[in-house]
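Descriptive analysis of the structure
Okay, here's what each chain looks like letter by letter:
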Amino acid sequence: MSEAAFREAVHDAVLRWYAVAGRDLPWRHRDATPWGVLVSEVMAQQTPIARIIGPWQAWLARWPTPAALASASPADVILAWDRLGYPRRALGLHRAAKAMVEGHDGQVPSDPADLRALPGVGEYTTAAVSSFAFGNPLVVIDTNVRRVLTRIALGREQAAPSLTAAERALAQEWLPAEPDRANAWNVAAMELGALICTARAPRCEDCPVRDRCRWVAAGRPAYDGPVRKGQGYEGTDRQLRGRILALARAATAPLAPEVLEGLGEPERVARLAEQLCAEGLLVHSRAGYDLPR
DNA sequence: CATTCGTGGCA
DNA sequence: TTGCCAAGAAT
């Protein structure tokens, strides 16, 4: 069997699997707008899908268009983001909404270059919105797709720590030529990685391509490559920033200095609070630190 | 190219 | 119990 025929056989099996096993996520509905798709993609960056469904629905109900969000205050945006994590994403979405009002007639741009220019929109999100919202079949490469292709096509457990040119070429090679099929493959490959071909404890018994997967055929050999550095969280700046912002979200008035003292060394707390101000997540007035209301 | 940037659930 | 990791982007 040629490599092209191998790919096509995998496509067929995964697409058939997706048709019956794919999740009914709200941004996949026919009435979902490009704006809804964009919001879902930004929320999903490094945050589990299960945790964003509720917030996504609330967000779209409150701000159904880029113009609606552009009119909100940064504080409302940060509060609505709640605890999805990496709150700079919320500010990025807010700035992106303003940019769409200013430069794109209040619409999510369909031109990939215009999408890519929006704050918080990188290579992945550009491709995802292009494919899922506009039917423009750019190759979508996220952590799921990387893992799926690494296992099925290369027979290895994990992809390299960072996306390589070879991986991009592989994913492009694996993208079906026919546009509709390419778009369907993009979402189906991601879904397979999310539900079956998971990082830990993959459910190979339930995999539609278990009989074709080169990793399974090789006996599921363990990852043999550069050691990945764990994220680490306890005691980090990230943790403390999160605590500062959590206090600000819960407060209805500027945070008094003594409130912040309990979080750690005053110098460090002040440094991080100032950093949060520089990023637009807080403002510093005589009364103390507060959300940018 | 390596780091930084939240939060929470689960093996 | 705790380390791992989840639809990345920016620097």
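This write-up is about the structure you can find in this document. Not measured: the values here are computed from a predicted model.

Our focus in this paragraph is unusual backbone geometry. Leaving glycine out, the prevailing phi sign among residues is negative, and the prevailing peptide bond configuration is trans. We note that Asp105 has phi near 60 degrees; this positive angle belongs to a residue other than glycine. Judged by relative accessible area, which is 69%, Asp105 ranks as exposed. At Arg220, a residue that is not glycine, the phi angle is positive and equals roughly 50 degrees. We classify Arg220 as partly exposed; its relative accessible area is 36%.

Turning to the protein's contact with DNA strand C, a few remarks are in order. DNA strand C sits among 27 residues. The nearest are Glu41, Gly120, Thr125, Ala199 and Gln231. Within 4 Å of the protein, the atoms of DNA strand C are drawn from sugar and phosphate moieties in a proportion of 56%. Between DNA strand C and Tyr124, the relevant distance is 3.2 Å, taken from a phosphate oxygen to a main-chain nitrogen or oxygen of the residue. Interatomic distance of 3.1 Å between a side-chain N/O atom of Arg200 and a base oxygen of DNA strand C. Taken together, the residues of the surface near DNA strand C break down into 11 nonpolar, 8 polar and 8 charged.

Those residues of helix H10 (residues 165-174) that sit buried are Glu167, Leu170, Ala171 and Trp174. Along the axis of H10, the buried positions cluster into a sector of 95 degrees, meaning they face one direction only.

With that out of the way, let us pick up the environment of Pro292. Its place among the elements puts Pro292 in the segment after strand S2 (288-290). Pro292 sits in the buried class, given a relative accessible area of 11%. Taking the C-alpha atoms as reference points, Pro292 and Leu192, separated by 100 residues in sequence, lie 41 Å from one another. If sequence neighbours within four positions are ignored, Pro292 has contacts with Ser73, Pro74, Ala75, Ile78, Gly280, Leu281, Leu282 and Val283.

Of note, Pro179 is situated in helix H11 (residues 179-195). What makes Pro179 partly exposed here is its relative accessible area of 38%. Each C-alpha atom of the pair Pro179 and Leu276 lies 43 Å from the other, and the pair is 97 residues apart in sequence.

Another point: the packing of aromatic side chains. When we look at a pair of aromatic rings, we describe it by the centre distance and by the angle of the planes. Under the criterion given, the structure shown has 5 aromatic pairs. Look at Trp59 and Trp81: their rings are 5.7 Å apart centre to centre, the planes differ by 80 degrees, and that puts the pair in the edge-to-face class. Of this pair, Trp59 sits in helix H3 (residues 49-62) while Trp81 is found in helix H5 (residues 74-81), placing the two residues 22 residues apart along the sequence. The class for Trp59 is buried, based on a relative accessible area of 1%. In this structure Trp81 comes out as buried when scored by relative accessible area, which is 1%. Judged by centre distance (6.1 Å) and plane angle (25 degrees), the ring pair of Trp174 and Trp185 falls under stacked. Taken together, the positions of Trp174 in helix H10 and Trp185 in helix H11 put the pair 11 residues apart, joining distant regions of the chain. Taken individually, Trp174 and Trp185 each receive the classification buried, so the pair is uniform in this respect. Members of the aromatic cluster, joined through ring pairs, are Phe6, Trp174 and Trp185.

Side chains of nonpolar character tend, in soluble globular proteins, to be buried together. Judged by nonpolar contacts, the single largest core of 34 residues is most densely connected at Val10, Ile152, Trp174, Trp185, Leu192 and Val209. Apart from residues lying up to four places away in sequence, Leu192 is in contact with Val14, Trp17, Val148, Ile152, Cys197, Cys207, Pro208 and Val209. Ranked by size, the runner-up nonpolar core spans 29 residues in total, among them Leu38, Met43, Trp56 and Val77.

Taken as a whole and assessed by the stated rule, the structure comprises 14 salt bridges. Two residues, Glu3 and Arg214, come together in a salt bridge whose shortest N-O distance is 3.0 Å. With Glu3 in helix H1 (residues 3-21) and Arg214 in helix H12 (residues 214-217), this pair connects stretches of sequence that are 211 residues apart. Ionic pairing is found between Glu191 and Arg23, a salt bridge with its closest N-O pair at 2.8 Å. Of this pair, Glu191 sits in helix H11 while Arg23 sits in the loop between H1 and helix H2 (34-43), and the two are 168 residues apart along the sequence. Taking relative accessible area as the criterion, Glu191 reaches 1% and is therefore assigned buried. You can call Arg23 partly exposed: its relative accessible area is 27%. Here the salt bridges do not stand alone but share partners, grouping Arg23, Arg28 and Glu191 into one network.

Criteria and cut-off values
Residues numbered from 1 in each chain as written. Chains lettered and ligands numbered in written order. Predicted model: local features only at pLDDT ≥ 70, side-chain atom pairs only at ≥ 80, totals over all residues. Heavy atoms only, no water. Buried < 20%, exposed > 50% of the residue type's maximum accessible area, 1.4 Å probe, protein only. Near = heavy atom within 4 Å. Polar contact = N/O pair within 3.5 Å; in protein donor to acceptor, adjacent residues only side chain to side chain. Nonpolar A, V, L, I, M, F, W, Y, C, P; charged D, E, K, R; others polar. Helix = DSSP H or I, 4+ residues; strand = E, 2+ residues; numbered from the N terminus. Arc of directions from axis to C-beta. Contact = heavy atoms within 4.5 Å. Phe/Tyr/Trp six-rings, centres within 6.5 Å; stacked < 30°, edge-to-face > 60°. Core = buried A, V, L, I, M, F, W, Y, C linked by side-chain atoms within 4.5 Å. Salt bridge = Lys/Arg side-chain N within 4 Å of Asp/Glu carboxyl O.

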